[in-house]
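Working through the structure, step by step
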Amino acid sequence: MAINKALKFVAQLSIDKASQALSRFIRVGAKIEMDDIYMADISEITGKLSAESDEVVGAFIDLGGDVKFKFLFFVNAQDSCLLADLILRRPVGTTTTYDQYTSSAVQEIANILSCGIASVFTSDFQLGITISPPTVIHDFVGTVFLEYFMSIAVEQNEVMMIETTFKIVQQNINCHMFIIPDSKTEKVLSYISNTL
Amino acid sequence: MNSQEIVVGIADYKVAKAPVVLSTNLGSCIAVCLYSSLHKAGSMLHIILPDSSSGINKDGIKTAKFADTGIPEMFNKLQQVCGVGINDCVAKLFGGAKILQQVSNNIGQANEIAARAVLKQLGIRVVAAKTGGEKGYRVKFDLITGKVQCQIFGEEIMEY
């Protein structure tokens with residue numbers, strides 16, 4: 001699928017909505033930036049990501065309905081503790097190890113972000129979207145990616161990746177968010193972007 | 001001697017001669033490592049599903065996704081590129097964890113069973129395996145020694 005300016009605009013719109021929703025939720029500025037939107041071979045992209053051995057906490061969500069996406073949010077395990085403190089309105093530094101609160105924090109952020117993205121399609125483009133409960137994994141970054149890719153990799157050799165990083169103001173927390181539309185949704189996105 | 005590291009992504013395999021380290025991360029996928037100490041050569045395949053007969057195998061889909069098509073293809077490549085015969089070759093298996101607890105079927109276990117069956121059919125002996133569990137794996141396969149360093153998330157590195 002061709003990645004054109006209009007498609008980038010739709011992706012940016014989704015990311016901006018997600019960014020606003022997250023900032024409201026944690027009451028601290030969160031700036032999400034789209035790093036890249038590209039087509040990737042599943043073996044190459046997972047090979048690249050498997051080279052990393054970081055410990056992360058990730059949450060993935062399936063968006064279904066008129067447009068289907070796979071959504072992944074992940075953060076370094078240490079930084080997930082800071083996120084838990086922000087969400088629980090505790091002094092930053094209270095949480096020191098990964099536990100059920102950090103797991104819930106990552107789960108909740110993934111919910112907020114994916115709902116922000118879904119709202120672009122439901123309110124701006126009148127499309128129906130369902131959102132699955134988040135699945136949270138605390139593991140090697142490569143393993144989190146593999147499980148995220150698994151159901152797509154079964155049917156496709158190539159995927160469209162929308163890759164973002166974001167920063168939480170004053171806390172120096174770097175988070176990552178990936179969105180992969182399924183092959184049928186790429187056609188819907190193409191239609192939307194052509195009508196803009 | 002410094003070895004070059006080659007990372008193997010899902011639905012892919014790499015064939016190489018020493019000094020090379022083949023590495024990958026695994027969840028429910030299985031890494032099938034083949035090695036010939038005679039040739040100091042080996043290969044690693046990263047499969048995601050047990051067999052290609054599930055109807056998913058459409059035209060153009062990568063055969064390395066499946067145990068039944070990926071393992072024979074990888075062995076043929078190892079034979080062509082490095083001259084490794086069946087009798088020179090041994091296999092090691094890693095991965096196959098059940099990462100997603102809410103998913104009822106255990107795809108990792110099915111992958112391991114299928115990989116073992118294909119290797120048996122080809123006449124390749126499985127000399128080591130570390131499979132199962134609920135956490136991810138990180139494996140590094142050194143083609144100088146034939147040893148595989150395997151780390152399960154949260155645990156110490158073990159050698160097989």
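Structure: see above.
In what follows, the accompanying structure is described. Because the structure is predicted, anything quoted here is derived from the model rather than measured.

1. What to know about the side chain of Lys92(B)
Structurally, Lys92(B) can be placed in strand β6 (residues 90-95). Among all residues touching Lys92(B), those that are not within four sequence positions of it are Ala31(B), Val32(B), Cys33(B), Val127(B), Ala128(B), Gly146(B), Lys147(B), Val148(B) and Tyr160(B).

2. Some points on the nonpolar core
Nonpolar side chains in soluble globular proteins tend to end up buried together. Residues and elements named next belong to chain A. Among the nonpolar cores identified, the biggest contains 51 residues, and Phe145, Phe149 and Met161 are the most heavily contacted of them. Broken down by element, this core gets its largest block of residues, ten residues, from helix α5 (residues 141-155). Those residues in contact with methionine 161 that sit more than four places away from it in its chain are Asp36, Ile37, Tyr38, Ala40, Ile45, Phe149, Phe178, Ile179 and Ile180. Of all hydrophobic cores here, the second largest spans 45 residues; its members include Ala18, Phe73, Ala110 and Ile117.

3. Regarding the pairing of strand β3 (residues 20-26) of chain B
All names here are of chain B. Taken across its seven residues, β3 has seven buried, putting it largely inside the fold. Burial along β3 is two-sided: the residues Val20, Leu22, Thr24 and Leu26 and Val21, Ser23 and Asn25 are all buried. When β3 meets strand β8 (residues 137-142), the two strands line up antiparallel, connected through six bridges. Bridging from a neighbouring strand, leucine 22 pairs with phenylalanine 141 of β8.

4. Here we look at the interface of chain B and chain A
When the parts come together, some accessible area is lost, and that loss is often what is quoted as the size of the interface. The interface of chain B with chain A comprises 31 residues on the first partner and 27 residues on the second. For chain B, the biggest contributors to the area lost against chain A are Ile10(B), Asn25(B) and Phe153(B); these three give 27% of the whole. For the interface between chain B and chain A, the tally reads one salt bridge. Across the pair Lys62(B) and Asp41(A) runs a salt bridge, and its minimum N-O distance is 2.9 Å. Sorting the residues of the side of chain B that touches chain A by element identifies β3, β8 and β9 (148-152) of chain B as the ones contributing at least two each. Looking at which element gives the most residues to the side of chain B that touches chain A, the answer is β3(B), with three residues.

5. Thoughts on the sheet that holds strand β4 (residues 30-36) of chain B
Residue and element names in this part refer to chain B. The strand order across the open sheet formed by five strands is β2-β5-β4-β6-β7, and the pairing between neighbours is mixed. The outermost strands of the open sheet, each flanked by one partner alone, are β2 (12-17) and β7 (125-131). With direction set aside, neighbouring strand axes in the sheet form an average angle of 15°. Of the pairings in the sheet, the one linking β4 to β6 comprises six bridges and is antiparallel in character. Pairing of tyrosine 35 across the sheet is with valine 90, part of β6.

6. So, the environment of Thr24(B)
For Thr24(B), the position within the fold is in strand β3. Of the residues examined, Thr24(B) reaches a relative accessible area of 2% and is grouped as buried. Thr24(B) sits 114 residues away from Arg138(B) along the chain, and the two C-alpha atoms are 6.0 Å apart. Beyond its immediate chain neighbours, meaning those up to four positions away, Thr24(B) contacts Ser50(A), Val8(B), Ala31(B), Met44(B), His46(B), Tyr137(B), Arg138(B) and Val139(B). Engagement of the side chain of Thr24(B) in a polar contact is seen with the side chain of His46(B), the distance being 3.0 Å.

Conventions used here
- Residues numbered from 1 in each chain as written.
- Chains lettered and ligands numbered in written order.
- Predicted model: local features only at pLDDT ≥ 70, side-chain atom pairs only at ≥ 80, totals over all residues.
- Heavy atoms only, no water.
- Helix = DSSP H or I, 4+ residues; strand = E, 2+ residues; numbered from the N terminus.
- Contact = heavy atoms within 4.5 Å.
- Core = buried A, V, L, I, M, F, W, Y, C linked by side-chain atoms within 4.5 Å.
- Buried < 20%, exposed > 50% of the residue type's maximum accessible area, 1.4 Å probe, protein only.
- Pairing = 2+ DSSP bridges.
- Buried area = accessible area lost by both parts, 1.4 Å probe.
- Salt bridge = Lys/Arg side-chain N within 4 Å of Asp/Glu carboxyl O.
- Axes fitted to C-alpha atoms, helices over the stretch in contact; angles between N-to-C directions.
- Polar contact = N/O pair within 3.5 Å; in protein donor to acceptor, adjacent residues only side chain to side chain.

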